[in-house]
Amino acid sequence: MDSEVGTPSGDGIENVELREALEQRYLDYALSTIMHRALPDARDGLKPVHRRILYSMRLQRLDPGAPFKKSAKVVGDVISSFHPHGDQAIYDAMVRLAQDFALRYPLVDGQGNFGNIDGDGAAAYRYTEARMTDVARLMLQGIDEDTVDFRPNYDGSTTEPMVLPAAFPNLLANGAQGIAVGMATAIPPHNVAELCNAALYLIAHPEATAGQLLNFIQGPDFPTGGVIVEPRESMLEAYATGRGGFRVRARWTKEDVGRGGWVAVVTEIPYLVPKARLIEKIADLLQEKKLPLVADIRDESAEDVRIVIEPRARTVDPELMMESLFRLTELESRVPLNMNVLSGGRAPRVLGLAAVLREWLDHRREVLQRGSRRRLEVIGRRLEVLGGLLIVYLDLDEVIRIIREEDEPKPALMQRFGLTEIQADAILDTRLRALRRLEEMQLRAEQEKLLEEQASLQALLASEAAQWKKVSAEIRQIGRQFGPETPLGRRRTTFAEAPAAGSIDLTEAMVEREPVTVVLSKKGWIRALKGHVADVSGVQFKGDDGLLLSFHAETTSRILLADTTGRVFTIEAAKLPGGRGVGDPLRILVDMDENAGVVAAWPYRPGEKMLVVSTEGRGFAVSSDDMVANTRKGKQVMVMDAPHRLALCAPAAGDHVAIIGQNRKLLVFPLVQTPEMTRGKGVRLQKYRDGGVSDAKVFTLADGLTWKDSSGRTWTVAADDLRDWIGNRAEAGRLPPKGFPRNNRFG
């Protein structure tokens, strides 16, 4: 369709493709969000709204020792002068700057209801009052000394700083969160004393890596405390790349309540987790009976967090109960790390730890240089004035005469004494009472002091080493002010190692432990009968189906099931259907091939060895630990070429293997000749001319080889009588002893 159809004619009308217009407008919106709303500046760690709030509070002289003022006045001044957006958005940002559970080092000192760790909001801004903290004062220190650039505000009526001088390492100390367009930032808070030590090391070693800096920075230090259980290697990678995360757990202790009873008391919860929501979700899990080890939870918090968790019984293991809570609730959460910041205030970049610290250090050096140059300009102008004043003291009478008699005393003074215009103005502005000998002495003392300071500043600007020495001294002062011995500087978050995934069986915590009997039919229907049933011959099946196998287990057991394709599946016994019906098809629980059949099923026992054998007589030993699967697809253990299949999977408890083929040849050989593998084809166990394997078992030679005949009687052949059948792996073997079943099975 022609783009000009329906377009009004006339001057000032420009035809623009809709696609181009949308692209341009969306790009403008995205850049505005990234640059002016969502991402912090790497130098001061602030977003524009936070920077404007602090600068407005400085203009109102809301210093740490000044009286509080209504938050409404602060919000109103920020809107009118710097941030023409919604008042609630500005107030919400200001509230967060005052919350000691959200910011590690608050920038606003709030008076009134500024919200709480439960997740409740702050009172309206007409009810609360605020002023700056010492940290905010450090962020603004030297802003009037031309240390940073200013730009016009939104309407050009005044100016605002583009970045704050930031004598405090705010970006890493307080962290930042934000979602822009196509990118986000998430920086957790850290301990300032550790940051200062790392910064000093980086000044001395400019090429330092994140790994070296982590010798000083232990990791995040959250305002709500908690315990970080992230492995050190993972933390190192996260700090090196600028992307990663940290697992944080609640801090808890076991408290005795008498008579052998106990409760678990949570005193610190993970960062940014609202306490009320946390307790509500735990209560929901209790109601849904997903926390069988927990009897009750209650909140006894006052000023400090105190969440009391009662166990179901005094015999419950505290570690196991808490581990179940960590896995299912926000008592353990993952705090992301994505150090996406505005590098130099211009371009968004993901920086590593060393680069982020370097941005702040370079900014501090630039602030020092600009402040020094500004001070030199002030000193130069004052020295010029002092030079003129000292000249006229040599002939005060002549100065007075010129002022009294000349119509234009300024040019006359300049011509008579060789003064500059600035010097002449200073003389004319001098009061008569200042024309004393004592005043001249004071001026000479001031001149000497200023000359000394001027030389010092010139030497500072001429030497990079001197500049870094000065910056280092400032950083050491910050480190002392917020050191570990101070209440605010003391580290709150500690570190610990989480239990290995396999070291604690959480199934026990999720399910009541009860005995069951697992029954599997020939057509692949499975169920769990209550209790350990000794005789399952009376169990009913559907149609012409019948019993394939059964075994005893518990509701907390994991069932391993091997099929003919060599794949092993894992099923939780607690998820099996009850024994009242005929059960459920296996293929509802696992993704088993339609043409596959069940070879064996047994309860998982840690460390147990199994012997797997294919129909062609190849096999190997494998640990049950390596057979556990985490998905419905199972785990491929035995690898075979068609048309061979998995023939058997038997416990490998003993020191010898007895194997018999379809050719009715029996071979006995040491188990050590069978390799232990996690996956593969295995090795030849017995040699066949025709056919394949019939059965195999592992036994202890000293106890003899046993089997059951068709009548159910048990036969045992002693070790001495097995001498003719004992050989080496891959031999053919010989006909079995008298009485061996005709079906070639050990029973």
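Keep in mind that this is a model prediction, so the values were computed, not measured.

About the thresholds
Residues numbered from 1 in each chain as written. Predicted model: local features only at pLDDT ≥ 70, side-chain atom pairs only at ≥ 80, totals over all residues. Heavy atoms only, no water. Helix = DSSP H or I, 4+ residues; strand = E, 2+ residues; numbered from the N terminus. Rg over C-alpha atoms; globule rule 2.2 N^0.38 Å. Contact = heavy atoms within 4.5 Å. UniProt positions renumbered as here; feature names shortened; annotations may be inferred. Expected span 1.5 Å × (residues − 1). Buried < 20%, exposed > 50% of the residue type's maximum accessible area, 1.4 Å probe, protein only. Arc of directions from axis to C-beta. Pairing = 2+ DSSP bridges. 1 Å grid on protein atoms, 1.4 Å probe; cavity = no way out; pocket = protein on both sides within 12 Å on 5 of 7 lines; lining within 4 Å. Points joined across faces, edges and corners; volume = space filled by probe spheres on them. Nonpolar A, V, L, I, M, F, W, Y, C, P; charged D, E, K, R; others polar. Phe/Tyr/Trp six-rings, centres within 6.5 Å; stacked < 30°, edge-to-face > 60°. pLDDT = per-residue confidence, 0-100. Salt bridge = Lys/Arg side-chain N within 4 Å of Asp/Glu carboxyl O. Axes fitted to C-alpha atoms, helices over the stretch in contact; angles between N-to-C directions. Parallel < 35°, antiparallel > 145°, perpendicular 65-115°, else oblique.

(A) Here's a closer look at the overall build of the chain. In terms of helices and strands, the chain carries 19 helices and 34 strands. For a compact globule of 747 residues, the expected C-alpha radius of gyration is about 27 Å, and the chain comes in at 41 Å, more than 25% above that figure. Expressed as lengths along the three principal axes of its C-alpha atoms, the size of the chain is roughly 145 × 80 × 55 Å. For the chain, the proportion of contacts with a sequence separation of at least 24, taken over those separated by at least 6, is 67%.

(B) Representation of the UniProt feature "site: Interaction with DNA" (unreviewed entry) in the chain. In the numbering used here, UniProt assigns the "site: Interaction with DNA" (unreviewed entry) feature to Lys 47, His 83 and His 85. Spanning 39 residues, the named residues form one tight spatial group whose C-alpha atoms are at most 14.2 Å apart. Along the chain, the position of Lys 47 falls in the loop between helix 1 (18-38) and helix 2 (48-59). Beyond its immediate stretch of four places on either side in the chain, Lys 47 contacts Arg 37, Ala 38, Leu 39, Pro 40, Gln 177 and Gly 178. Turning to its location among the elements, His 85 is positioned in the loop between helix 3 (71-81) and helix 4 (87-98). Those residues in contact with His 85 that sit more than four places away from it in its chain are Ile 79 and Ile 90.

(C) Seen up close, helix 17 (residues 464-481). Here helix 17 is 18 residues long and its end C-alpha atoms lie 26 Å apart, about the 26 Å a rise of 1.5 Å per residue gives. Among all positions of helix 17, only Gln 467, Trp 468, Val 471, Ser 472, Ile 475, Ile 478 and Gly 479 are buried. End-on, the buried residues of helix 17 take up no more than an arc of 135°, which puts them together on one face. Exposed positions of helix 17 whose direction lies more than 90 degrees from the buried face are Lys 469 and Arg 480.

(D) Here's a closer look at the sheet that holds strand 19 (residues 525-530). Judged by pairing direction, the sheet is antiparallel, and its four strands sit side by side in the order 20-18-19-23 without closing on themselves. Every other strand in the sheet has two partners, leaving strand 20 (547-554) and strand 23 (584-585) as the edge strands with one partner each. Taken together, the five bridges between strand 18 (residues 515-521) and strand 19 define a ladder with antiparallel strand orientation. By the bridge assignment, Val 519 is partnered in strand 19 with Arg 527.

(E) Here's a closer look at the layout of surface pockets. Its volume calculated, the largest pocket comes out at about 1000 Å³. Breaking the lining of the largest pocket down by element, the ones donating at least two residues are strand 2 (108-111), helix 5 (134-140) and strand 11 (261-268). In terms of residues, the lining of the largest pocket owes the most to one element, strand 2, which gives three residues. Each residue belonging to the lining of the largest pocket can be placed in one class, and the counts come to 13 nonpolar, nine polar and eleven charged.

(F) Looking closely at the UniProt feature "site: Transition state stabilizer" (unreviewed entry) in the chain. Taking the numbering used here, the UniProt-annotated feature "site: Transition state stabilizer" (unreviewed entry) corresponds to Arg 126. Mapped onto the elements of the fold, Arg 126 is located in the loop between strand 2 and strand 3 (129-132). On the basis of relative accessibility, which here comes to 52%, the residue Arg 126 falls in the exposed class. Beyond its immediate sequence surroundings of up to four residues, Arg 126 is in contact with Lys 70 and Ala 72.

(G) Layout of the packing of aromatic side chains. Evaluation of the coordinates by the stated rule reveals twelve aromatic pairs. Here Phe 222 and Tyr 271 contribute two aromatic rings whose centre-to-centre distance is 5.2 Å and whose plane-to-plane angle is 25°, an arrangement assigned as stacked. Pair noted here: Phe 222 is in the loop between helix 8 (210-213) and strand 8 (227-228) and Tyr 271 is in the loop between strand 11 and helix 10 (275-287), with a separation of 49 residues, a long-range link. Among the residues examined, Phe 222 registers a relative accessible area of 0% and is labelled buried. Since its relative accessible area comes to 3%, Tyr 271 is described here as buried.

(H) Focus on the pairing of strand 10 (residues 251-258). The sheet contact formed by strand 10 and strand 11 spans seven bridges and is antiparallel. Across the sheet, the residue bridging to Trp 252 is Val 266, located in strand 11. Hairpin geometry of strand 10 and strand 11 is characterised by an intervening segment of two residues between the two adjacent antiparallel strands and by a positive phi of about 55° at Arg 259.

(I) Broad picture of the confidence of the model for the chain. Across the chain, pLDDT averages 90, with 95% of residues at or above 70. Below a pLDDT of 50 lies the segment residues 1-6, which in the model reaches one contact outside its immediate sequence neighbourhood of four places, other chains included.

(J) Representation of unusual backbone geometry. In this chain, Ala 642 is followed by Pro 643 through a cis amide linkage whose omega measures 5°. The topology assignment puts Pro 643 in the loop between strand 27 (635-636) and strand 28 (646-651). Not every positive phi belongs to a glycine, and Arg 664 is a case in point at roughly 60°. Checked against the element boundaries, Arg 664 lands in the loop between strand 29 (656-661) and strand 30 (666-670). The buried category is assigned to Arg 664, whose relative accessible area is 16%. The backbone phi angle of Asn 744 is positive, close to 60°, even though this residue is not glycine. Here Asn 744 lies in the segment after strand 34 (714-717).

(K) Main features of the sheet that holds strand 21 (residues 558-563). Strands sit in the order 24-21-22-27 across an open sheet of four strands; the sheet is antiparallel. Each edge of the open sheet is held by one strand with a lone partner, namely strand 24 (598-603) and strand 27. Pairing geometry for strand 21 and strand 24, over five bridges, is antiparallel. When the bridges of strand 24 are listed, Leu 560 appears paired with Trp 602.

(L) Representation of the pattern of salt bridges. A full pass over the atoms with the stated rule returns 45 salt bridges. The partner of Glu 160 in a salt bridge is Arg 151, with the nearest N and O atoms 3.8 Å apart. The exposure class assigned to Glu 160 is buried, which follows from its relative accessible area of 4%. Its salt-bridge partner being Arg 416, residue Glu 398 comes within 3.8 Å of it at the nearest N-O pair. Taken as a pair, Glu 398 in helix 13 (residues 396-405) and Arg 416 in helix 14 (residues 409-417) lie far apart in primary sequence, 18 residues in all. Judged by relative accessible area, Glu 398 falls into the buried class, the value being 17%. Bridged by salt links that share partners, the residues Arg 247, Arg 249, Glu 323, Arg 327 and Glu 332 form one connected network.

(M) Quick look at empty space enclosed by the protein. The final tally for this structure, using the stated rule, is two cavities of 30 Å³ or more. Empty space within the largest cavity amounts to approximately 50 Å³. Around the largest cavity, the lining residues are Ala 42, Arg 43, Asp 44, Gly 45, Pro 169, Asn 170, Leu 171, Leu 172, Val 356, Leu 357 and Trp 360. Those elements that place two or more of their residues in the lining of the largest cavity are helix 6 (170-174) and helix 12 (353-392). By residue class, the composition of the lining of the largest cavity is seven nonpolar, two polar and two charged.

(N) Quick look at the packing of helix 12 against helix 17. It is the contact of helix 12 with helix 17, at a shortest axis distance of 10 Å, that shows an interaxial angle of 110°. Relative to helix 17, the element helix 12 is oriented roughly perpendicular. Only Glu 464, Gln 467, Trp 468, Lys 470, Val 471, Glu 474 and Ile 475 of helix 17 make contact with helix 12, whose side of the interface consists of Arg 358, Trp 360, Leu 361, Asp 362, Arg 364, Arg 365, Leu 368 and Gln 369.

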